[in-house]
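As a plain string of letters, each chain reads:
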Amino acid sequence: MEVGFLGLGIMGKAMATNLLRHGYRVTVWNRTLAKCQELVALGATVGETPAAVVAKCRYTIAMLSDPGAALSVVFDKDGVLEQIGDGKGYIDMSTVDAATSSKIDEAVKQKGGAFVEAPVSGSKKPAEDGQLVILAAGDKTLYDEMVPAFDVLGKKSFFLGEIGNGAKMKLVVNMIMGSMMNSLSEGLSLADKSGLSPQTLLDVLDLGAIANPMFKLKGPAMLQGSYNPAFPLKHQQKDMRLALALGDENAVSMPVSAAANEAFKKARSLGLGDLDFSAVYEVVKDASGSGQA
Ligand SMILES: NC(=O)C1=CN([C@@H]2O[C@H](COP(=O)(O)OP(=O)(O)OC[C@H]3O[C@@H](n4cnc5c(N)ncnc54)[C@H](OP(=O)(O)O)[C@@H]3O)[C@@H](O)[C@H]2O)C=CC1
Ligand SMILES: O=CCCC(=O)O
């Protein structure tokens, strides 16, 4: 099977590599074209523009940073819309809001193509290992055709119905994750400032009812001040912002998430946006004061 792949950031590179490893023929494009070379070394071919990729491939997957990027790649000159049409499918796996997905869906359908949104849960390592959780919605026929590729990329795919449901599910999940990361940061900080060992706190957490892979993976690195980006903080803040907007639309009060968003915003303002989202710990530590009372 031949697929196109647009966007070779942390996630896109890992996902396209995985498809190549499983025998897919992959044509890649990235805004910074030089980043395609690593994939070419693994057997990919390069399309000079999103339109060129879509012209060549029956199915094209995108994994882009945010709504602005997702819209630009579709609607701008040399974009997806110029070549999408009958018999072609476009699958956007970026984390965006439902309105962005709907705009893309309508435009692709108007040209005779089919569209599936399919954001993912899971980060760099699950992407490398084909262990993502895929939250798809939209054209069911295209979804069914993509299941073999989704089975390579992920450990489980959900088909959630009408377009927008995948985007919304992803935002709810990441809203919870962002709040949990803030809560962990406050807990580590409180343990430290009150004379406890933060490492012992992690050990205790890992044995109890709130043990989870995120605390286990990120906690020790946070204590080392090590924030090598798997999930960039700027993207987590984008997801909190989009989730809060979804809360606004539905009149859902979310004070915990709103507070977490403020911490991520503060971290971005301090230049931490390209670090891992766990770097929010630096902001929480600072806010909690530097000495014991
Ligand atoms: N990292 C993670 O753990 C996870 C991320 N996600 C989501 O997946 C998406 C990608 O994340 P990730 O790979 O980490 O992000 P990166 O920041 O590593 O990569 C972003 C990609 O988007 C491209 N891009 C940005 N702006 C534009 C634009 N205006 N036009 C065209 N291309 C653009 C970048 O191109 P260039 O190289 O030229 O900058 C790059 O290919 C995001 O929506 C994120 O929220 C979902 C699950 C996990
Ligand atoms: O959107 C990013 C999610 C990261 C994760 O699920 O670990």
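Residues numbered from 1 in each chain as written. Chains lettered and ligands numbered in written order. Predicted model: local features only at pLDDT ≥ 70, side-chain atom pairs only at ≥ 80, totals over all residues. Heavy atoms only, no water.

Here the UniProt feature "domain: 3-hydroxyisobutyrate dehydrogenase-like NAD-binding" (unreviewed entry) sits at residues 164–283. A distance of 33 Å separates the end C-alpha atoms of residues 164–283, which is 71% helix and 0% strand. (UniProt positions renumbered as here; feature names shortened; annotations may be inferred. Helix = DSSP H or I, 4+ residues; strand = E, 2+ residues; numbered from the N terminus.)

Opposite charge on two side chains allows them to pair when their charged atoms are near. Scanning the entire structure with this criterion turns up 13 salt bridges. One salt bridge in this structure joins K109 and D105, with 3.0 Å as the shortest N-O distance. Residue K109 and its partner D105 are located together in helix α5 (residues 98–110), separated by 4 residues, close to a single helical turn. Residue classification places K109 among the partly exposed positions, given a relative accessible area of 49%. Across the salt bridge formed by K125 and D129, the nearest N and O atoms sit 2.6 Å from each other. Highlighted residues: K125 and D129, both in helix α6 (residues 124–129), separated by 4 residues, approximately one helical turn. The exposure class assigned to K125 is exposed, which follows from its relative accessible area of 53%. Salt bridges linked by common partners bring E2, R25 and K56 together as one network. (Salt bridge = Lys/Arg side-chain N within 4 Å of Asp/Glu carboxyl O. Buried < 20%, exposed > 50% of the residue type's maximum accessible area, 1.4 Å probe, protein only.)

With that out of the way, let us pick up the UniProt feature "active site" (unreviewed entry) in the chain. Taking the UniProt record as the reference, the feature "active site" (unreviewed entry) is found at K170. For K170, the position within the fold is in helix α8 (residues 165–193). Classification of K170 as buried rests on a relative accessible area of 6%. Non-local contacts of K170, meaning those with residues more than four positions away in its chain, are made with T95, P119, V120, S121 and L135. (Contact = heavy atoms within 4.5 Å.)

Side chains of strand β5 (residues 89–92) alternate between two faces, with G89 and I91 and Y90 and D92 buried alike. As judged from the 4 bridges shared by strand β4 (residues 59–62) and β5, these two strands associate in the parallel manner. Within β5, the position partnered with Y59 by the bridge is G89. A crossover links β4 with its parallel partner β5, the connecting element being helix α4 (residues 67–75), and its sense is right-handed. Bridge count for β5 against strand β6 (residues 114–117) is 4 bridges, and the pairing is parallel. If you follow Y90 over to β6, its bridge partner there is F115. (Pairing = 2+ DSSP bridges. Right-handed = clockwise from strand over helix to strand, strands pointing away.)

A few words on the site of ligand 1. Ligand 1 sits among 26 residues. The nearest are N30, T32, K35, S123 and K238. The contact in question runs from an oxygen atom of ligand 1 to an N or O atom on the backbone of G9, over 3.3 Å. With respect to ligand 1, the side chain of N30 contributes an N or O atom lying 2.7 Å from an oxygen atom. For ligand 1, whose unbound accessible area comes to 910 Å², protein coverage reaches 88%. Elements represented by at least two residues in the shell around ligand 1 include exactly α1 (10–21), α4 and α11 (233–249). Grouping the constituent residues of the shell around ligand 1 by class yields 12 nonpolar, 10 polar and 4 charged. Structurally, the shell around ligand 1 is a two-domain feature, drawing no fewer than three residues from each of domain 1 (2–162) and domain 2 (168–287). (Near = heavy atom within 4 Å. Polar contact = N/O pair within 3.5 Å; in protein donor to acceptor, adjacent residues only side chain to side chain. Areas by Shrake-Rupley, 256 points an atom, 1.4 Å probe, with all protein chains shown as cover. Nonpolar A, V, L, I, M, F, W, Y, C, P; charged D, E, K, R; others polar. Domains from an automatic or database assignment.)

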